[in-house]
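# Structural description and commentary
Now for the letters of each chain:
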Number of protein chains: 2
Amino acid sequence: MEFSSKLLENAVSEMSQLPGIGKRTALRLVLHMLRQPKEQTNTLSQALVQMRTNIKFCKSCNNISDVDICEICANPNRDKSIICVVEDVRDVMAIENTSFFKGHYHVLGGKISPIDGIGPHDLNINSLVEKVKSGDVSEIIFALSSTMEGDTTNFYIFKQIQDYNITTSTIARGISIGDELEYTDEVTLGRSIVNRVPFESSLKL
Amino acid sequence: MEFSSKLLENAVSEMSQLPGIGKRTALRLVLHMLRQPKEQTNTLSQALVQMRTNIKFCKSCNNISDVDICEICANPNRDKSIICVVEDVRDVMAIENTSFFKGHYHVLGGKISPIDGIGPHDLNINSLVEKVKSGDVSEIIFALSSTMEGDTTNFYIFKQIQDYNITTSTIARGISIGDELEYTDEVTLGRSIVNRVPFESSLKL
């Protein structure tokens, strides 16, 4: 791509560093900014820089927060003895949206993935093990995505905490509400039969 | 979407102002920035602000440029009597990539589109008419996209310049190189038959 302006080329090249944004999309976005008032680009840039510079991670659960201890961890009405282990802040937001969970979270910041060079020490696993050692925890719920990396990470953490007397569970895998049985993959369908639940308990939700 | 941080929410909301970027994509992009070094976000923001603040539009053709007269208009080897009328800078880049055109451009900055509130006076049409009036132009090539808005814009400009003694042409519409005939829409196929070209001339390219 030949640009008629160095400034334009720079902006496009920086935008296209973002995941899923190629050169063409970046150019489209940058040209859109040129059609909007200058203030809009300034506001966007300031929002990004301020976010990147000032954002904090909760000292307890590692969730993104503006303060040292996030709202969830600071809430006295939530049960801190149940910890839901998730990959990143989007999972916290997704589970919070359901309003079915009233415990604490622990955000790992990723999954063990040797192919991407992410080992256990790049994740917030130690602080989770420390929490378990402290004796305040009664249950750990694994809520990582059901992939090779997710399963590896679950198993690694399980090995670290299995000697402490706590319950470990993993979120249920099964057929999504509203899905047709015939289109479900066989692994999911098979597991949903093996892990069937008493009919009465399904009526409660 | 409930955010655990105001800074994060701000950044996501600003990013999602961009066309084609929804809240979820914006969140994904912003979380990616958080995993990268701070400098990267700073560089991106600076590139955007500098581009938006300092970019110029060529005083002759309205193409994006870092100087008052763009490289194409300033190039003495290009024929300034032939002007190719395009919608925006992406079209200039696309035509330049073919290296088939050695004239000048005129960037309108959009198409006449009443539904989006864009009238003739929002586009750089007057300066094109002035160029034609000055008598230096021998041919105008319309290279707008083949839509209702593109056709309207072509026709509006044609009406303004038809009394001056210049050639007007429009880029050829037809079947793309490599396309199968049977999958081509009937309007394109019909036009490609009506506007057939002598076989010998197709051999020259």
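Along each chain, the written sequence defines residue order, and numbers are assigned to residues from 1. For naming, the first written chain is A and the first written ligand is 1, with later ones following in the order written. Totals for whole chains, interfaces and linings use all residues, but because this is a predicted model, local features are given only for residues with pLDDT of at least 70 and pairs of side-chain atoms are given and counted only at 80 or more. Derived side-chain values reflect all non-hydrogen atoms in the structure, with water molecules and hydrogen atoms excluded from consideration.

To be explicit about the condition: UniProt positions are given in the numbering used here, feature names are shortened, and annotations may be inferred rather than shown by experiment.
Naming follows an unreviewed UniProt entry, where chain A appears as Recombination protein RecR of Jejuia pallidilutea. Per UniProt, the comment on chain A under Sequence similarities (unreviewed entry) is "Belongs to the RecR family." The UniProt entry for chain A carries the following text under Function (unreviewed entry): "May play a role in DNA repair. It seems to be involved in an RecBC-independent recombinational process of DNA repair. It may act with RecF and RecO."

## Digging into the UniProt feature "domain: Toprim" (unreviewed entry) in chain A
Condition: Secondary structure elements are defined from DSSP: runs of H or I of at least 4 residues count as helices, runs of E of at least 2 residues count as strands, and each element is numbered from the N terminus.
UniProt records the feature "domain: Toprim" (unreviewed entry) at residues 81-176 of chain A, using the numbering of this structure. The annotated region residues 81-176 of chain A carries 33% helix and 20% strand content, and the separation between its end C-alpha atoms amounts to 29 Å.

## Some details on the interface of chain A and chain B
To be explicit about the condition: Residues count as neighbours in contact if any of their non-hydrogen atoms are within 4.5 Å of one another. Note on definitions: buried area is the accessible-area loss of two parts on being combined, 1.4 Å probe, summed for both. The term salt bridge refers to a side-chain nitrogen of Lys or Arg lying within 4 Å of a carboxyl oxygen of Asp or Glu. Two N or O atoms form a polar contact when they lie within 3.5 Å of each other; inside protein one atom must be a possible hydrogen donor and the other a possible acceptor, and for residues adjacent in sequence the pair counts only when both atoms belong to side chains. Residues are grouped as follows: Ala, Val, Leu, Ile, Met, Phe, Trp, Tyr, Cys and Pro are nonpolar; Asp, Glu, Lys and Arg are charged; all remaining types, including Gly, are polar.
Taken together, the contact between chain A and chain B spans 51 residues of the former and 51 residues of the latter. Note on chain A versus chain B: buried area summed over both sides is about 5100 Å², and carbon and sulfur give 70% of it. For chain A, the biggest contributors to the area lost against chain B are Leu-7, Leu-34 and Arg-52 of chain A; these three give 14% of the whole. The tally of links from chain A across to chain B stands at 0 salt bridges. One can count 13 residue pairs in polar contact (both at pLDDT 80 or more) joining chain A with chain B. Mapped onto the side of chain A that touches chain B, the elements with two or more residues apiece are α1 (6-15), α2 (23-35), α3 (38-54), β2 (64-65) and α5 (89-98) of chain A. No other element matches the 15 residues that α3 of chain A contributes to the side of chain A that touches chain B. For the side of chain A that touches chain B, the residue count by class is 25 nonpolar, 16 polar and 10 charged.

## A word on the sheet that holds strand β4 (residues 103-107) of chain A
Residue and element names in this part refer to chain A. What counts, and what does not: Two strands make a pair as long as DSSP finds a minimum of two bridges between them. Every axis corresponds to a line fitted to the C-alpha atoms, with the helix fit spanning only the stretch in contact, and the corresponding angles, defined between N-to-C directions, vary from 0 to 180 degrees.
An order of β4-β3-β5-β6 is seen for the 4 strands of this open sheet, with the pairing classed as parallel. The open sheet is flanked by β4 and β6 (167-170), the only strands paired with a single partner. The average undirected angle you get between the axes of adjacent strands in this sheet is 25°. The pairing of strand β3 (residues 79-86) with strand β5 (residues 139-142) spans 4 bridges and is classified as parallel. Looking at the pairing, Val-85 lines up with Phe-142 of β5. Docked against the sheet, α5 engages β3 and β4, running at close to 160° with respect to β4. Contacting β3, β5 and β6, helix α7 (residues 148-161) crosses the sheet at an angle of about 170° to β5.

## Re the UniProt feature "zinc finger region: C4-type" (unreviewed entry) in chain A
Annotation from UniProt places "zinc finger region: C4-type" (unreviewed entry) at residues 58-73 of chain A. From the first C-alpha to the last, residues 58-73 of chain A spans 8 Å; its make-up is 19% helix and 12% strand.

## Here's the deal with helix α6 (residues 126-133) of chain A
Residue and element names in this part refer to chain A. For the record, the criterion: Note on classification: 1.4 Å probe, protein chains only; a residue is buried when its accessible area is under 20% of the maximum for its type, exposed when over 50%, partly exposed between these limits. Here, the arc refers to the directions that run from the helix axis to the C-beta atoms.
Listed as buried for α6 are Leu-128, Val-129, Lys-131 and Val-132. Along the axis of α6, the buried residues cluster in a sector spanning 155°; they form a single face. Structurally, α6 contributes buried residues whose contacts are with β3, β4, β5 and α7. Just past α6, the residue Gly-135 takes up positive phi, approximately 90°.

## Examining the relation of the copies chain A and chain B
Inclusion rule: Copies are brought into register by a least-squares superposition over C-alpha atoms of residues with pLDDT of at least 70 in both.
At an RMSD of 0.0 Å, chain A and chain B line up after a rotation of 180° and a shift of 0.0 Å along the axis. These values place the two chain copies in the arrangement generated by a two-fold rotation axis. By C-alpha distance to the rotation axis, the residue of chain A lying nearest is Ser-45 of chain A, at 2.3 Å. Here 100% of the contact residues of chain A are again contact residues in chain B; the copies associate through an equivalent surface.

## Describing the sheet that holds strand β3 (residues 79-86) of chain B
Residue and element names in this part refer to chain B. Read from one edge to the other, the open sheet built from 4 strands follows the order β4-β3-β5-β6, with strand pairing classed as parallel. Each edge of the sheet is formed by a strand with only one pairing partner; in this case those strands are β4 (103-107) and β6 (167-170). Recorded for the sheet is a direction-independent mean angle of 25° between the axes of neighbouring strands. Note: β3 against β4, 5 bridges, orientation parallel. Considered in β4, the bridge of Val-85 is made with His-106.

## What to know about the pairing of β4 of chain B
Put simply, the test is: By convention a crossover is right-handed if, when the strands point away from the viewer, the path from the first strand over the helix to the second runs clockwise.
In terms of residue burial, β4 of chain B counts as a mostly covered element, since 5 of its 5 residues are buried. Considered for its hand, the β-α-β crossover made up of β3 of chain B, helix α5 (residues 89-98) of chain B and β4 of chain B is right-handed.

## Here's the deal with the pattern of salt bridges
Counted under the stated rule, the structure contains 12 salt bridges over all chains. The residue Arg-90 of chain A makes a salt bridge to Asp-88 of chain A at a minimum N-O spacing of 3.1 Å. Given a relative accessible area of 30%, Arg-90 of chain A falls into the partly exposed group. Relative accessible area serves as the criterion here: at 11%, Asp-88 of chain A is assigned to the buried category. In this structure, Lys-6 of chain B engages Glu-9 of chain B in a salt bridge whose closest nitrogen and oxygen atoms are separated by 3.8 Å. Linking Lys-6 of chain B with Glu-9 of chain B, this pair stays in helix α1 (residues 6-15), spanning 3 residues, or about one helical turn. Since its relative accessible area comes to 29%, Glu-9 of chain B is described here as partly exposed.

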